[in-house]
Amino acid sequence: MKNLAADIIYLIESNDDLIEYKNNQIIIILNALKNAIINLIKENKNKIFNDNDLIKLAIRKALELKKNDVIIIKQEHIFVKIINRTNRNNIAQNESKIHERRFNGIDKRELEVFYSEHFSKEISKNFFKTIVEKFVELYFEEQKIDNHIYEKNVFVYIQRIIIAELIVKFEQSEEFLTGFSGYAFRMHFNSVFDSISEYILKEISISNEYMIDFLKYYSLDIIIVDGMKYKVPEFETDDGLKWNVISMLSISKIYTRTRTSVNKLQKEVYSLDDQILKLFIDNLSPTEHNKIHLNKKEKLTDELRFKGQKLEDLLDEVHRMDNKERTESIKNEIKVSRENIKTIKRALEQLVKKEIKRSLINKQLKLERELDSMHRELKAQEKILFQNKDSFLSIKKSLLKALISKKQRI
């Protein structure tokens, strides 16, 4: 393995043209060099050491990286983030830069670059959705922590989960990722607690007794802990509106159940729309297709009737005709008329073959009746949702405010 690592180091050092130095903090190893490294490992059929670990070890040696510098092997290239150790030490020593020390001494500018490089809007949304789900599952559903433990530890618990997820995602540089976790948490602080508030309100709407008791804590006003008085956070919005657990329960049940109903109805509407569209023929519904079909059939039937009457008239005329020349002319007309009648009959036969089955039309009409009924129900549910939306959002806002607050000694 040592020889292979040495070969990789030599490969990196001899292909400096395939390495981009963006600035003093970012290095990009281009895809061509990355593939050459991977091919070299494949040729040696190395199975003793993890390929990614071997690549990272060789890169650290070749580029003289420090332990805390970040190496991320991406699909299109290898990304290297140099941690600015000088700046970090200066920050750690500077007592006035408190906000920087909160990020484990990492320069905030480095964190911003790392965030912009690896956390798109969609990635951030999914990442913090996972964070909230794990927090809820571990501390609300499994451990069922009380309000005192929650108040004391909630921020620490969430940051621990963020750190753990970052380490799994990036596989190294725990010191840097610990600092980055604080930065990322601050960036998504409100959205995290908005999601936690949403979860709690959903749970009380289905009568989760633990969560209802959890909320009742915020109605205690004054509590005594170890002989000392504390003022408990209230469910109060920024504009001074206060909520109590009973009203929160009532509105949350109405709103969340109605929202669930609306979501279900919307899915059913989409499903019915799809079912109806699948019945379409040449971009026409069975009823539209049938209407056009019937119109064509009526026109051909009328034309057949007209041609048939004309043929009868010609036949009558030819029997009465004495003029030989005129008789021959009429016979030709009769021949043409008969051919026209045959053509119309063939066209009618083709129409009959293409005729829409009544069962298909009945299916479309049945689905459309269901769709109309569902649209009416959806409209009614959306009205209820709209009527309760402002109250629900006010409740959620007051809950979020309480969840990030702590009891105050008085």
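In case you missed it, the structure is sitting above this.
What counts, and where the lines are drawn
- Residues numbered from 1 in each chain as written.
- Predicted model: local features only at pLDDT ≥ 70, side-chain atom pairs only at ≥ 80, totals over all residues.
- Heavy atoms only, no water.
- Helix = DSSP H or I, 4+ residues; strand = E, 2+ residues; numbered from the N terminus.
- Contact = heavy atoms within 4.5 Å.
- Core = buried A, V, L, I, M, F, W, Y, C linked by side-chain atoms within 4.5 Å.
- Buried < 20%, exposed > 50% of the residue type's maximum accessible area, 1.4 Å probe, protein only.
- Phe/Tyr/Trp six-rings, centres within 6.5 Å; stacked < 30°, edge-to-face > 60°.
- Lys NZ or Arg CZ within 6 Å of the ring centre and 35° of its normal.
- Expected span 1.5 Å × (residues − 1).
- Pairing = 2+ DSSP bridges.
- Axes fitted to C-alpha atoms, helices over the stretch in contact; angles between N-to-C directions.
- Parallel < 35°, antiparallel > 145°, perpendicular 65-115°, else oblique.
- Left-handed = near helix turned anticlockwise from the far one by under 90°.

A. Summary view of the environment of S197. Take S197: it is sitting in helix α10 (residues 189-205). Between the C-alpha atom of S197 and that of I404, which follows or precedes it by 207 residues, the distance is 10 Å. When near neighbours in sequence (up to four residues on either side) are disregarded, S197 contacts K396, L399, L400 and L403.

B. Representation of the nonpolar core in the model. Within the largest apolar cluster, 76 residues are counted, with the highest numbers of intra-cluster contacts made by F135, F140 and I200. No other element matches helix α15 (residues 358-403), which puts eleven residues into this core. Setting aside chain neighbours within four positions, we find F140 in contact with F135, I145, Y150, I196, Y199, I200, Y210, M211 and F214.

C. Representation of the packing of aromatic side chains within the structure. Under the definition given, this model contains 30 aromatic pairs. Geometrically, the ring pair formed by Y139 and Y157 is stacked, given 4.0 Å between the ring centres and 5° between the ring planes. With Y139 in helix α7 (residues 121-142) and Y157 in helix α8 (residues 147-170), this residue pair connects regions lying 18 residues apart in the sequence. Per residue, the accessibility class of Y139 equals that of Y157, and both read buried. Centroid distance Y255 to F392: 4.2 Å. Interplanar angle 15°. Geometry classified as stacked. Linking Y255 in helix α12 (residues 245-278) with F392 in helix α15, this pair joins segments that are 137 residues apart in sequence. The pair formed by Y255 and F392 is uniform in burial state, with each residue classed as buried. K144 extends its terminal NZ or CZ atom over the ring of Y210, reaching a point 5.7 Å from the ring centre. We note K407 situated over the ring of Y230; from NZ or CZ to the ring centre the distance is 5.8 Å.

D. Looking closely at helix α9 (residues 174-187). In this model, α9 (14 residues) spans 19 Å end to end at C-alpha, consistent with the 20 Å of a helix rising 1.5 Å per residue. All of the buried residues along α9 are F176, L177, G179, F180, S181, G182, Y183, A184 and F185. As for α9, its buried residues are in contact with β3 (70-73), α6 (108-118), α7, α8 and α10.

E. Spatial organisation of the sheet that holds strand β4 (residues 78-81). The strand order across the open sheet formed by four strands is β1-β2-β4-β3, and the pairing between neighbours is antiparallel. The sheet terminates laterally at β1 (19-21) and β3, the two strands that pair on one side only. Neighbouring strand axes in the sheet, compared pairwise and without regard to direction, differ in orientation by 15° on average. Contacts from α6 reach β2 (26-29), β3 and β4, with the element oriented near 165° to β4.

F. Just the packing of α10 against helix α11 (residues 209-216), in detail. Interhelical geometry of α10 versus α11 gives an angle of 120° and a closest axis separation of 8 Å. One element, α10, and the other, α11, form an angle in the oblique class. Note that α10 runs across α11; the crossing there is left-handed. Contact residues: Y199, I200, E203 and I204 in α10; M211, I212, F214 and L215 in α11.

G. Region of the structure containing the sheet that holds strand β6 (residues 228-231). Taking strand neighbours across the sheet as the criterion, the three strands line up as β5-β6-β7 in an open arrangement whose pairing is antiparallel. Looking at strand neighbours, the two that pair on one side only are β5 (222-225) and β7 (408-409), the edges of this open sheet. Judged from the two bridges that link them, β6 and β7 form a sheet pairing that is antiparallel. Bridging from a neighbouring strand, Y230 pairs with R409 of β7.

H. Structural context of the pairing of β6. Bridge analysis of β5 against β6 gives four bridges, and the strand direction is antiparallel. Across the sheet, I223 pairs through a bridge with Y230, a residue of β6. The hairpin turn running from β5 into β6, its antiparallel successor, is two residues long, and D226 in that turn takes a positive phi close to 55°.

I. Structural detail: unusual backbone geometry. One non-glycine residue, K144, lies in positive phi territory at about 50°. Along the polypeptide, K144 turns up in the loop between α7 and α8. For K144, a relative accessible area of 46% puts it in the partly exposed group. The phi angle at D282 is positive, at roughly 50°, despite the residue not being glycine. Locating D282 in the fold gives a position in the loop between α12 and α13 (286-320). Relative accessible area serves as the criterion here: at 66%, D282 is assigned to the exposed category.

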